[in-house]
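# A structural walkthrough
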Amino acid sequence: MRRRPRTAAAVLLGLLLTLIAASPALAAGYRYWSFWDGAGGTWAYATQGPSTARPADGTVYGFRFSVSKDAAAEAARPRAAADFEAVCAGTPAADGKKRVAVVLDFGVPEDAPGGERPPQDAPRTACAQVAPEATAAEALASVAKPLRYNGAALLCGISGYPRTGCGEPIADQEPGAAAPSASASGSASAPAGSGGPSAGLVAGIAAVVAVAAAGVWQSRRRGR
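Residues numbered from 1 in each chain as written. Predicted model: local features only at pLDDT ≥ 70, side-chain atom pairs only at ≥ 80, totals over all residues. Heavy atoms only, no water.

## Considering empty space enclosed by the protein
For the coordinates displayed, the defined rule picks out 1 cavity of 30 Å³ or more. Considering the residues around the largest cavity, the lining is formed by 13 residues, among which R31, Y32, F65, C156 and G167 are closest to the centre. Split by residue class, the lining of the largest cavity holds 8 nonpolar, 3 polar and 2 charged. (1 Å grid on protein atoms, 1.4 Å probe; cavity = no way out; pocket = protein on both sides within 12 Å on 5 of 7 lines; lining within 4 Å. Points joined across faces, edges and corners; volume = space filled by probe spheres on them. Nonpolar A, V, L, I, M, F, W, Y, C, P; charged D, E, K, R; others polar.)

## Comments concerning the nonpolar core
The biggest cluster of nonpolar side chains holds 22 residues, and the ones touching the most others in it are F63, L104, L140 and I158. At the level of elements, β1 (29-37), β3 (59-68), β4 (98-105), β5 (124-130), α3 (136-143) and β7 (155-158) are the ones that each hand at least two residues to this core. Contacts of L104, omitting those with residues within four sequence positions, involve F63, P123, R124, L140, A144, I158 and S159. If you look at the next biggest cluster of nonpolar residues, it comprises 12 residues, including A80, A82, A101 and C127. (Core = buried A, V, L, I, M, F, W, Y, C linked by side-chain atoms within 4.5 Å. Buried < 20%, exposed > 50% of the residue type's maximum accessible area, 1.4 Å probe, protein only. Helix = DSSP H or I, 4+ residues; strand = E, 2+ residues; numbered from the N terminus. Contact = heavy atoms within 4.5 Å.)

## Some thoughts on the pattern of salt bridges
This model, assessed by the stated rule, comprises 5 salt bridges. The partner of D105 in a salt bridge is R64, and the shortest N-O contact between them spans 3.7 Å. In this pair, D105 is assigned in strand β4 and R64 in strand β3, connecting sequence segments 41 residues apart. Accessibility assignment for this pair places D105 and R64 in one class, buried. One salt bridge in this structure joins R163 and E116, with 3.8 Å as the shortest N-O distance. Here R163, found in the loop between β7 and β8 (169-170), pairs with E116, found in the loop between β4 and β5; they are 47 residues apart in sequence, far enough to count as distant. Classification of R163 as exposed rests on a relative accessible area of 56%. In this structure, a network of salt bridges that share partners links the residues R64, R79 and D105. (Salt bridge = Lys/Arg side-chain N within 4 Å of Asp/Glu carboxyl O.)

## Description of the packing of aromatic side chains
Applying the stated rule across the entire model yields 7 aromatic pairs. A ring pair is formed by F65 and Y161, whose centres lie 5.1 Å apart and whose planes are at 70 degrees; its orientation type is edge-to-face. Here Y161 lies in the loop between β7 and β8 and F65 lies in strand β3, a separation of 96 residues in the sequence. A single burial state applies to F65 and to Y161, both of which are buried. Taken together, a centroid distance of 6.1 Å and an interplanar angle of 65 degrees make the contact between F106 and Y161 edge-to-face. Of this pair, F106 sits in the loop between β4 and β5 while Y161 sits in the loop between β7 and β8, placing them 55 residues apart in sequence. What makes Y161 buried here is its relative accessible area of 3%. Here the aromatic cluster, defined as three or more aromatic residues joined through ring pairs, consists of W33, F65, F106 and Y161. (Phe/Tyr/Trp six-rings, centres within 6.5 Å; stacked < 30°, edge-to-face > 60°.)

## Looking at the side chain of T59
Inspection of the secondary structure assignment puts T59 in strand β3. Residue T59 is classed as buried on the basis of its relative accessible area of 17%. Of note is the side chain of T59, whose polar atom sits 2.8 Å from the backbone oxygen of A56. (Polar contact = N/O pair within 3.5 Å; in protein donor to acceptor, adjacent residues only side chain to side chain.)

## Side note on the state of the cysteines
One pass over the full model with this rule turns up 2 disulfides. Residue pairing for C88: its cysteine sulfur links by disulfide to C127, the two sulfurs lying 2.1 Å apart. Disulfide C88-C127: the torsion about the S-S bond is 105 degrees, which places it as right-handed. Highlighted residues: C88 in helix α2 (residues 84-88) and C127 in strand β5, separated in sequence by 39 residues. Owing to a relative accessible area of 1%, C88 belongs among the buried residues under this scheme. The buried category is assigned to C127, whose relative accessible area is 18%. Each sulfur in the disulfide pair C156 and C166 lies 1.9 Å from the other. A torsion of -75 degrees about the S-S bond marks the disulfide between C156 and C166 as left-handed. Here C156, found in strand β7, pairs with C166, found in the loop between β7 and β8; they are 10 residues apart in sequence, far enough to count as distant. (Disulfide = S-S within 2.5 Å.)

Structure, rendered in structure tokens:
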């Protein structure tokens, strides 16, 4: 009966090692274009993709290229204001058309794929004037060609940037994934890797410790 506590301890150690070994995977980020809704003058991570969102006249959308750990929690917002009037002030309303303000933020050099750099430092803005039924993707295409998509219809490149790649995972050690970009964190591309275990991993370890400890205590009681 004395072997039971040792067995429980061995199981605990194995589970802890498994969780710790998984931490690099949890810390990985992704390099991609994120999509933002500027309703109310504040950027919020879009709940639809550009190919399904059908904006009304007066909508402002943002696109930001960067490295992100988590789409909604640790992404970088566009660095220009979500201001429809500022973007479309020079484009009068027209019958049978709608206006969509588009903000393109190509990000910072640290987030660029190897051998490339952002085509411009500051965000670019454009006022798309499109048909009433047009999607956000169609509005984007009217002002920022060429666009590049992959086989799963994921937006990979805007105005030819980047030339290759599409949402590839990035290790924490790679430049651009270990330190925050020069923008506010919020929803689509701000690398914020600390190199340590995530909060979820720590909570998981704590839970395993508690369960295993209870098992060891029960085994000792039975062995008396």
